[in-house]
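Letter by letter, the chains look like this.
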Amino acid sequence: MRVLHRVFLPSILILTTTLAFGQQSPSDIDNKVDALLKQMTLEEKAGQLTQLANKTPESLQAIREGKVGSLLGVLGAENANEAQRAAVEHSRLKIPLILGFDVIHGYRTVFPVPIASTGSFDMPLLEQAERVAAKEATASGVKWVFAPMLDIARDPRWGRIVEGIGEDPYLGSMVAAAKVRGFQGKSMADSDSVVSCAKHYVAYGAAEGGRDYNTVDISEQLLREIYLPPFKGAVDAGIGTFMSSFQDLNGVPGVANHHTLTDILRDEWKFNGFVVSDWGAIHELLAHGFAADDADAAAKALKAGVDMDMVDNAFEHIPELVRSGKLPEIVVDEAVRRVLRVKFEAGLFDHPYADPNREKTDILTPENLQVARKLAQESMVLLQNKGDVLPLAKNKTVAVIGPLADDKASQLGPWAGNGQATDAVSPLEGIVAKIGKEHVLYAKGVDIPSYEKTLGAGVAAPAPPSATGVGGMANLNKPASVDDAVAAAKKADVVVLCLGELAGMTGEASSRASLDFPGDQLKLANAVLATKKPVILVVESGRPLDIRWATFHTQAILQAWFPGVQAGNAITDVLFGDVSPSGRLAISWPRTLGEIPIYYNHRATGRPGSPDRWHTGYLDLPNTPLFPFGYGLTYSKFSYSHLAVKTPTIAPDGTLQVTAEIENTGSREATEVVQVYVHDRVGPTSRPVRELKGFERVTLRPGERKAVDFSVKANDLGSYDPQVHWAVNPGTYDVWVAPDSASGVQGTFEVK
Ligand code: BGC
């Protein structure tokens, strides 16, 4: 898409000349929207605000009758085009559908789960991954993705922590912007761009007890400082749509929350796109005790600021609500305007159909898989590497043991788009491909029993185990046996032990009341550890698990999360040193369940943690996580020194400039994620002990040093007082340039 040259043009032309060819200016679009709106009956307006699931004979008929504005879950260009034809060729006003789908971490080329890829701290690569996802989704007829998922979470019991951006609002807003840029590209109207959708607005991740869909009661200050910033980041990046959340916030369900949907999103942030409800959430207002019936629920959702109803069919009550005077038509018109505007901006009126040829050329290509492999490499976190046992030499005999070693479906993680288990490379397959099957012994050891409750959470169907061959692979099709695992370990030089959770144990409706390794996995671990062979633990999970045992008894721990379609290749690239690990934790890693919630940006208390008894903390555990936010090892070592605050005093509209020297003091090239944190010493509320304000991935050769510079706008240091007035507080601030949230070199500066 070419952008017109805009130098030396009269200023009056600038608006139109910044638009890509084919794009329409906002005023053109508004005129077209108004013209269309004038022709619409109340029933057709309600139709535009209605989304149904799947292409069925009934939904096709409803589309032809003008009763549907969107379908979700229609995959494949031919299917999409058939549905679209019903709207564009057979409905009275010929308004195209917008076809949506959950493309949370890839469409068919499945990327690592978001909690993992957030930890890459690699914004250009995240953007590139979502470009790939957009290209694949549009090739399959999907023009709207229900992503990025932007829920901050501080409680790993909550199953959807896997889908989100971890615990930090600054990192979350950077990820939000990168993903929106990737999905929407230069223009949503481009044939390989999608409209993206920020969800779940808002504070869904603060569910009490980590139980999915559960109530949330938090202060306005916490809402604004922690939970809202990623969503604001998405708005600033030009996102097209939002999805409201299921849960109640301080008693008001997300789908009917005027304060969040209208006061903040529309009035403060000037968001111009449309809001869709989450699946079934309008009808759930009845169960919340917030609406008497579906008509009441529909009116409450619309008046609060929801524009489109996902699958409830509650908006079929719109005509009667308007005619009976219970719902002003102007509210409906405004919602229809927003939906139509996005459809115009997405180019759907000009190009409603998908090109079926692209399905053959654009999906699961070697280039796409390469992006998935790179993002997976960068998303894993090396938590421990005693005696530099990693990277492994390629000529050793490796026993690959554990229930996840050859579980292809779990590699993809939950909400795996249109991912297929058969596409995934298991860790076993990756290791065999890297060092040859003559060097590999395999035993599953134990099975992980699945929880019935987690079935259907978007996990692709299981594939048969990979047929890697005979010899050391003799256990491939045998039932899991701890004895086989011990025998394999005894014959090997080193054990790669693949433990964790099944993908279906994380994601929506998959909260857990425990952080343990389900089933008999620890029995297997103990038996393998008793062989005294060096053990590399590879953990695949959607949440931090209790790995205290492993820090004592294994040599190395690689947190691989669910790495996606290239899992096995990427894990193997890291284990054998073809790349140095560079992923970092996007959440603080608790020692055990009882520490939850634990997060790095907690407020200062009057009695900060200390070994002395009369301080905040526990009698039986230190007051720290097992691993802090931002933590992750590489195959080298980095020193931090020479911190210099170049602007010791800044004005509230000024910019902090700080630099520190980073040196690779190890013997391998590696990439360090250099982070900058601040702390406001005295504020109108007690401030977090640290807040992330910047980061940079820096690759250095052995012995190489680099001065890494950061600029932080004073404006980004502001906070809310208890009356929710925002201000940049004058006074002294601490600043750290650091490898994680618990260390680093420190200085101070003043805001005056
Ligand atoms: C989930 C959303 C998802 C929607 C549509 C809901 O159950 O909460 O994240 O986008 O389903 O699939």
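See the structure printed just above.
Residues numbered from 1 in each chain as written. Predicted model: local features only at pLDDT ≥ 70, side-chain atom pairs only at ≥ 80, totals over all residues. Heavy atoms only, no water.

Student: So what's going on with the sheet that holds strand S12 (residues 398-401)? Residues and values would help.
Tutor: A sheet is described by the order of its strands in space; here six strands give the open sequence S11-S16-S15-S14-S12-S13, paired in mixed fashion. Unpaired on one side and paired on the other, strand S11 (381-385) and strand S13 (440-443) mark the two borders of the sheet. Adjacent strand axes in the sheet meet at a mean angle of 15 degrees when their direction is disregarded. Of the pairings in the sheet, the one linking strand S15 (residues 535-540) to strand S16 (residues 556-559) comprises four bridges and is parallel in character. Directly across from isoleucine 536, in S16, lies its bridge partner alanine 556. Helix H21 (residues 521-529) contacts S12, strand S14 (494-500) and S15 of the sheet and is inclined by roughly 170 degrees relative to S14. Packed onto the sheet, helix H23 (residues 567-575) meets S14, S15 and S16 and runs at close to 145 degrees relative to S15. (Pairing = 2+ DSSP bridges. Helix = DSSP H or I, 4+ residues; strand = E, 2+ residues; numbered from the N terminus. Axes fitted to C-alpha atoms, helices over the stretch in contact; angles between N-to-C directions. Contact = heavy atoms within 4.5 Å.)

Student: Before we move on, could you go through the environment of glutamine 247 and cite the residues and values that matter?
Tutor: Relative to the assigned elements, glutamine 247 resides in the loop between strand S6 (241-244) and strand S7 (248-249). Apart from the residues within four sequence positions on either side, glutamine 247 is in contact with Val202, Ala203, Tyr204, Tyr213, Asn214, Val216, Val252, Pro253, Gly254 and His288. Only 2.8 Å separates the side chain of glutamine 247 from the side chain of serine 245, close enough to count as a polar contact. (Polar contact = N/O pair within 3.5 Å; in protein donor to acceptor, adjacent residues only side chain to side chain.)

Student: Go over helix H8 (residues 169-184) with me, naming the residues and quoting the values.
Tutor: One full turn of an α-helix is made of 3.6 residues, so residues set three or four places apart face in the same direction. Compared with an ideal rise of 1.5 Å per residue, which puts 16 residues at 22 Å, H8 spans 22 Å between its outermost C-alpha atoms and is within 8% of the ideal. Of all 16 residues in H8, 13 are buried, a share of seventy percent or more. Sitting at the head of H8, aspartate 168 places a side-chain oxygen 3.0 Å from the backbone nitrogen of tyrosine 170. Looking one or two residues past H8, glycine 185 carries a phi angle of roughly 60 degrees, positive in sign. (Expected span 1.5 Å × (residues − 1). Buried < 20%, exposed > 50% of the residue type's maximum accessible area, 1.4 Å probe, protein only.)

Student: How would you sum up the packing of aromatic side chains? Please name residues and give values.
Tutor: Applying the stated rule across the entire model yields 21 aromatic pairs. The interplanar angle of 70 degrees and the centroid separation of 5.3 Å between the aromatic rings of tyrosine 201 and phenylalanine 231 together place this pair among those described as edge-to-face. Placement of the pair is tyrosine 201 in strand S5 (residues 195-201) and phenylalanine 231 in helix H10 (residues 229-236), with a sequence separation of 30 residues. Of the residues examined, tyrosine 201 reaches a relative accessible area of 1% and is grouped as buried. Centre to centre, the rings of tyrosine 204 and phenylalanine 246 are 6.0 Å apart; their planes meet at 65 degrees, and the pair counts as edge-to-face. (Phe/Tyr/Trp six-rings, centres within 6.5 Å; stacked < 30°, edge-to-face > 60°.)

Student: An account of the environment of proline 96 is needed here, citing residue identities and associated values.
Tutor: Here proline 96 shows up in the loop between helix H5 (77-88) and strand S3 (98-101). Separated by 214 residues in the primary sequence, proline 96 and methionine 310 place their C-alpha atoms 17 Å from one another. Setting aside anything within four residues of it in sequence, one finds proline 96 in contact with Gly69, Gln84, Ala87, Val88, Lys343, Leu348, Phe349 and Pro352.

Student: Outline the pattern of salt bridges, supporting the account with residue identities and numerical values.
Tutor: Side chains that carry opposite charge are capable of pairing whenever their charged atoms lie near each other. One pass over the full model with this rule turns up 48 salt bridges. One salt bridge in this structure joins arginine 543 and glutamate 501, with 2.5 Å as the shortest N-O distance. Of the two residues, arginine 543 is situated in the loop between S15 and helix H22 (548-553) and glutamate 501 in the loop between S14 and H21; the sequence distance between them amounts to 42 residues. Neither arginine 543 nor glutamate 501 differs from the other in exposure class; each is buried. Between glutamate 663 and arginine 705 there is a salt bridge whose closest N-O contact spans 3.8 Å. Taken together, the residues glutamate 663 in strand S19 (residues 655-664) and arginine 705 in strand S22 (residues 705-713) connect sequence positions 42 residues apart. Shared partners join several salt bridges into a network, and the residues in it are Arg373, Lys394, Lys434, Asp573 and Asp578. (Salt bridge = Lys/Arg side-chain N within 4 Å of Asp/Glu carboxyl O.)

Student: Outline empty space enclosed by the protein, supporting the account with residue identities and numerical values.
Tutor: With the rule as written, the count across this model stands at four cavities of 30 Å³ or more. Approximately 100 Å³ is the volume found for the largest cavity. Every residue lining the largest cavity is listed: Met40, Glu44, Gln48, Ile63, Gly66, Val68, Ala87, Ser91, Arg92, Leu93, Lys94 and Ile95. (1 Å grid on protein atoms, 1.4 Å probe; cavity = no way out; pocket = protein on both sides within 12 Å on 5 of 7 lines; lining within 4 Å. Points joined across faces, edges and corners; volume = space filled by probe spheres on them.)

Student: Could you give me a rundown of the site of the ligand, with the residues and numbers involved?
Tutor: All residues in the neighbourhood of the ligand are listed as Asp102, Phe146, Arg160, Lys199, His200, Met243, Phe246, Asp278, Trp279, Met310, Trp415 and Glu508. Note that an oxygen atom of the ligand is positioned 2.7 Å from one of the side-chain N or O atoms of arginine 160. The separation between an oxygen atom of the ligand and a polar side-chain atom of lysine 199 is 2.8 Å. Contact with the protein chains covers 93% of the free accessible surface of the ligand, which is 310 Å². Considering only residue class, the shell around the ligand consists of six nonpolar, one polar and five charged. (Near = heavy atom within 4 Å. Areas by Shrake-Rupley, 256 points an atom, 1.4 Å probe, with all protein chains shown as cover. Nonpolar A, V, L, I, M, F, W, Y, C, P; charged D, E, K, R; others polar.)

Student: For the environment of aspartate 653, give the residues involved together with the corresponding values.
Tutor: Mapping aspartate 653 onto the fold places it in the loop between strand S18 (649-650) and S19. Taking relative accessible area as the criterion, aspartate 653 reaches 71% and is therefore assigned exposed. Taking the C-alpha atoms as reference, aspartate 653 lies 9.9 Å from lysine 752; in sequence the two are 99 residues apart.

Student: So what about the packing of helix H2 (residues 26-39) against helix H15 (residues 329-345)? Which residues, and what values?
Tutor: Between H2 and H15, the shortest axis-to-axis distance is 9 Å and the interhelical angle comes to 130 degrees. Judged by the inter-axis angle, H2 sits oblique to H15. Relative to H15, H2 is oriented so that their crossing is right-handed. Between H2 and H15, the contacting residues are Ile29, Asp30, Lys32, Val33, Asp34, Leu36 and Leu37 on the first element and Asp333, Val336, Arg337, Leu340, Arg341, Phe344 and Glu345 on the second. Here the residues of the contact of H2 with H15 are counted per class, giving seven nonpolar, no polar and seven charged. (Parallel < 35°, antiparallel > 145°, perpendicular 65-115°, else oblique. Left-handed = near helix turned anticlockwise from the far one by under 90°.)

Student: Account for the sheet that holds strand S9 (residues 274-276), naming residues and giving values.
Tutor: Strand pairing in a sheet relies on backbone hydrogen bonds, with the paired strands running either antiparallel or parallel. With parallel pairing, the eight strands of this open sheet are ordered in space as S9-S6-S5-S4-S3-S2-S1-S10. Single-partner strands in this sheet number two, and they are S9 and strand S10 (309-310). Here strand S1 (residues 50-53) pairs with S10 via two bridges, running parallel. Paired with glutamine 51 across the bridge in S10 is methionine 310. Docked against the sheet, H10 engages S5 and S6, running at close to 160 degrees with respect to S5.

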